[in-house]
Amino acid sequence: MNIVVHLDRARLFRWQLAVTEALRAAGHDMRVQFRDTQDALPVSLTAILDFDFARTRAGPERFSARLLAADFAAFSASRPAPIELEVELEIDLSTASAPAATSKRTLRPHFDGSPKDHALFHALLHGHAPLVTLADSNGHVWPIGRAALETPSRLAASLDQSISRLVEGVILTVARIAAGERPPPPPSTAGPVDASRRSLLRSAGTFASQRAYRKLGRVRERVGGDAPKWHVGWRKLANDALPQPGLLDVRDFQILPDDGQRYYADPFAFGHEGTTHVFIEEFPAHTQKGIISHFTISEDGNASKPAPVLNAPHHLSYPQVFAHGGEIWMLPEAAASGGLDLYRAERFPDRWVKAQRIIDVALHDATLFSHLGHFWIAAATTAYQSSSWDALSLFWSDKLTGPWRPHARNPVLVDATSARPAGAFWQDGGNLIRASQDCSRGYGGQMTLKHITTLDPRRFEEITLGPLSFARNSQILGPHTLTRAGGFELIDLYARLSVVRAGSRETIAL
């Protein structure tokens, strides 16, 4: 396609160049045209960005890095074109200005319903990512989603992560337009926000002061020796009913103790020969690298002491264990290695051997399930400089060992409130119940239960059942993972030890 990208000369960023370069690499003929707006970013905002770059020693490759018009010289509209073609698509990234009138088909980003980037910065300064869509001049809307912000107190990093999903969305949308696809039904969106300059200036001041308060709070926690961390808990199930949205009470759970030199997380329960086995991530403070450990729960709810069962040169976590073909298998997260490895129990539960690498993509919290004759893996994926908390991708195969194929719509969902998997899937009358992490308040802040209504290699649809969480005033985040076996339900939660001790049942002495 012959594509023109419109930019504001006074507001140029690395991410805009990344979009243009990626589309050219995909075979499109690309041109850049500048609008002569002098509406530069407020000094207060650029000061925050500059401070973040200096503090983190960020390089010029970051999407939030500012550029000059000369950096786009390779795409100048004045350079000779090999073939003079009529413009087939315009991409209007001049989001400081009002949309330009044109007779050409045009895509323009919208942030929380606003076509101006003040809405983007307004949202980031208030600690959340806006809902991003692409408005199509033909009257349709291409959904992109809502990114996760891992460190909302760092504006530059938040811009990198939010914009990465926009870059990914623009590239995928152009590919779908080139293939003749029609946009999906319009998503529900938030109404336009107040994107005035005055509001943006106030937001920058509030952002700076709140960042100082948060830093002081973290210092107090470290000095007091009561910083929050992950804990694993379990409770006896009253019946076999499926998980339901609602509030959890930490007093219903027994908490797995630790020695203060490590934390436990990501429980996966597996019933075998009348015993409830639990596999967890163990994260020792002295190595800063996760390993897989194991403990058992007796019928009366007592737990054995966790013991390591699998170590690797890279970080391991999220150890899903399952039976298939007369063997017992483990599918731990190994995103740090760049792929997903399948392990087989040579001697259950404490000796595991690597069977093979089944997917050569860095996948986060990969979760295996079966549906309508296929094996499926749901996992969180990244794009460019994004978080790993906000996009769901699917892969399918006819055999456990592959070959594994990506879903045609990957990522099938970009949404910080419900993308990343959070434990095993459940069957409900032929439909699937999916536990997902809500990372909009932080990593694993709570859970969202989803009902998958349509799933095949080209389609994916689901509806939201509701949240599963602890009360907002409990000072407890989670659950982050949910699993069941042997009549027990296991979760993990994030809280200060003093909060857990005050609210939970007595922990088991090891």
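Each value, and the rule that gives it
Residues numbered from 1 in each chain as written. Predicted model: local features only at pLDDT ≥ 70, side-chain atom pairs only at ≥ 80, totals over all residues. Heavy atoms only, no water. Pairing = 2+ DSSP bridges. Helix = DSSP H or I, 4+ residues; strand = E, 2+ residues; numbered from the N terminus. 1 Å grid on protein atoms, 1.4 Å probe; cavity = no way out; pocket = protein on both sides within 12 Å on 5 of 7 lines; lining within 4 Å. Points joined across faces, edges and corners; volume = space filled by probe spheres on them. Nonpolar A, V, L, I, M, F, W, Y, C, P; charged D, E, K, R; others polar. Axes fitted to C-alpha atoms, helices over the stretch in contact; angles between N-to-C directions. Phe/Tyr/Trp six-rings, centres within 6.5 Å; stacked < 30°, edge-to-face > 60°. Buried < 20%, exposed > 50% of the residue type's maximum accessible area, 1.4 Å probe, protein only. Salt bridge = Lys/Arg side-chain N within 4 Å of Asp/Glu carboxyl O. Parallel < 35°, antiparallel > 145°, perpendicular 65-115°, else oblique. Left-handed = near helix turned anticlockwise from the far one by under 90°. Contact = heavy atoms within 4.5 Å.

Student: I keep staring at the sheet that holds strand β27 (residues 482–485) and nothing clicks. Help me out?
Tutor: Pairing between the strands of a sheet is mediated by backbone hydrogen bonds and can be parallel or antiparallel. Taking strand neighbours across the sheet as the criterion, the four strands line up as β9-β7-β28-β27 in an open arrangement whose pairing is antiparallel. Unpaired on one side and paired on the other, β9 (254–255) and β27 mark the two borders of the sheet. When strand β7 (residues 229–236) meets β9, the two strands line up antiparallel, connected through two bridges. Paired with W234 across the two strands is Q254, which belongs to β9.

Student: Honestly, empty space enclosed by the protein in this entry has me stumped. Any pointers?
Tutor: Empty space among the atoms becomes visible once a probe the size of a water molecule is rolled across them. Applying the stated criterion to the full structure yields one cavity of 30 Å³ or more. In this structure, the largest cavity encloses a volume near 100 Å³. Along the walls of the largest cavity sit 14 residues, with F13, W15, Q16, T95 and D117 positioned nearest its centre. Elements represented by at least two residues in the lining of the largest cavity include exactly α1 (14–25), α3 (118–125) and α4 (155–178). For the lining of the largest cavity, a count of residues per class yields nine nonpolar, two polar and three charged.

Student: How do you make sense of the sheet that holds strand β11 (residues 275–284) when you look at a structure like this?
Tutor: In spatial order, the strands read β10-β11-β12-β13; together these four strands make up an open sheet with antiparallel pairing. Only two strands of the sheet have a single neighbouring strand rather than two, namely β10 (262–272) and β13 (307–310). Averaged over all pairs of adjacent strands, the angle between strand axes in this sheet comes to 35°, irrespective of strand direction. Relative to β13, strand β12 (residues 291–297) runs antiparallel, the two being bridged by three bridges. Across the sheet, residue I292 finds its bridge partner in β13, namely L310.

Student: Where do I start with the packing of aromatic side chains in this structure?
Tutor: When we look at a pair of aromatic rings, we describe it by the centre distance and by the angle of the planes. Across all of its chains, the model carries 14 aromatic pairs by this definition. Aromatic side chains F34 and F72 sit 6.1 Å apart centroid to centroid with 85° between the ring planes, which places their arrangement in the edge-to-face category. Taken as a pair, F34 in strand β2 (residues 29–35) and F72 in the loop between α2 (43–56) and β3 (89–92) lie far apart in primary sequence, 38 residues in all. Classification of F34 by relative accessible area gives partly exposed; the value is 23%. Classification of F72 by relative accessible area gives buried; the value is 1%. Seen from their ring centres, F369 and F425 are 4.1 Å apart, and the 10° between their planes marks the pair as stacked. Taken as a pair, F369 in strand β18 (residues 364–371) and F425 in the loop between β22 (413–414) and β23 (426–428) lie far apart in primary sequence, 56 residues in all.

Student: Is there a simple way to think about the pattern of salt bridges in this case?
Tutor: For side chains bearing opposite charge, pairing can occur when the charged atoms are close. Counted by the stated rule, this structure contains 29 salt bridges. Two residues, R31 and D29, come together in a salt bridge whose shortest N-O distance is 2.9 Å. The exposure class assigned to R31 is buried, which follows from its relative accessible area of 8%. Ionic pairing is found between R235 and E489, a salt bridge with its closest N-O pair at 2.8 Å. In this pair, R235 sits in strand β7 while E489 sits in strand β28 (residues 488–495), placing the two residues 254 residues apart along the sequence. Overall, R235 belongs to the partly exposed group, its relative accessible area being 22%. Look at the salt bridges and you will find they share partners, linking R235, D252, R484 and E489 into a network.

Student: What am I meant to see in the packing of α1 against α4 here?
Tutor: A pair of packed helices is characterised by two quantities: the angle between their axes and the separation of those axes. The N-to-C vectors of α1 and α4 enclose an angle of 25°; their axes lie 10 Å apart at closest approach. Viewed along their axes, α1 and α4 adopt a mutual orientation that is roughly parallel. The handedness of the crossing between α1 and α4 comes out as right-handed. Facing α1, whose interface residues are W15, V19, A22 and L23, α4 presents I163, L166, V167, V170, I171 and V174. Counted by class, the contact of α1 with α4 contains ten nonpolar, no polar and no charged residues.

Student: In this structure, what is going on with the packing of α3 against α4? I would like to understand it.
Tutor: One way to put it is that α3 packs onto α4 with a least axis distance of 10 Å and a crossing angle of 125°. Overall, the two elements α3 and α4 adopt an arrangement that is oblique. Crossing of α3 against α4: the hand is right-handed. Taken together, the residues of α4 that come into contact with α3 (itself represented by L120, F121, L124 and L125) are L155, S158, L159, S162 and I163. Its residues placed into classes, the contact of α3 with α4 shows seven nonpolar, two polar and no charged.

Student: I keep staring at the pairing of strand β15 (residues 327–333) and nothing clicks. Help me out?
Tutor: Each regular strand shows side chains that alternate between the opposite faces of the sheet. When you tally the buried positions in β15, you get six out of seven residues, the bulk of the element. Examined bridge by bridge, strand β14 (residues 317–324) and β15 share six bridges and lie antiparallel to one another. When the sheet's bridge partners are listed, H324 is paired in β15 with E327. Hairpin connection from β14 to β15: two residues lie between these consecutive antiparallel strands, with G325 at a positive phi of about 60°. The antiparallel hairpin formed by β15 and strand β16 (residues 340–347) contains six residues in its connecting segment, where G338 sits at a positive phi of about 90°.

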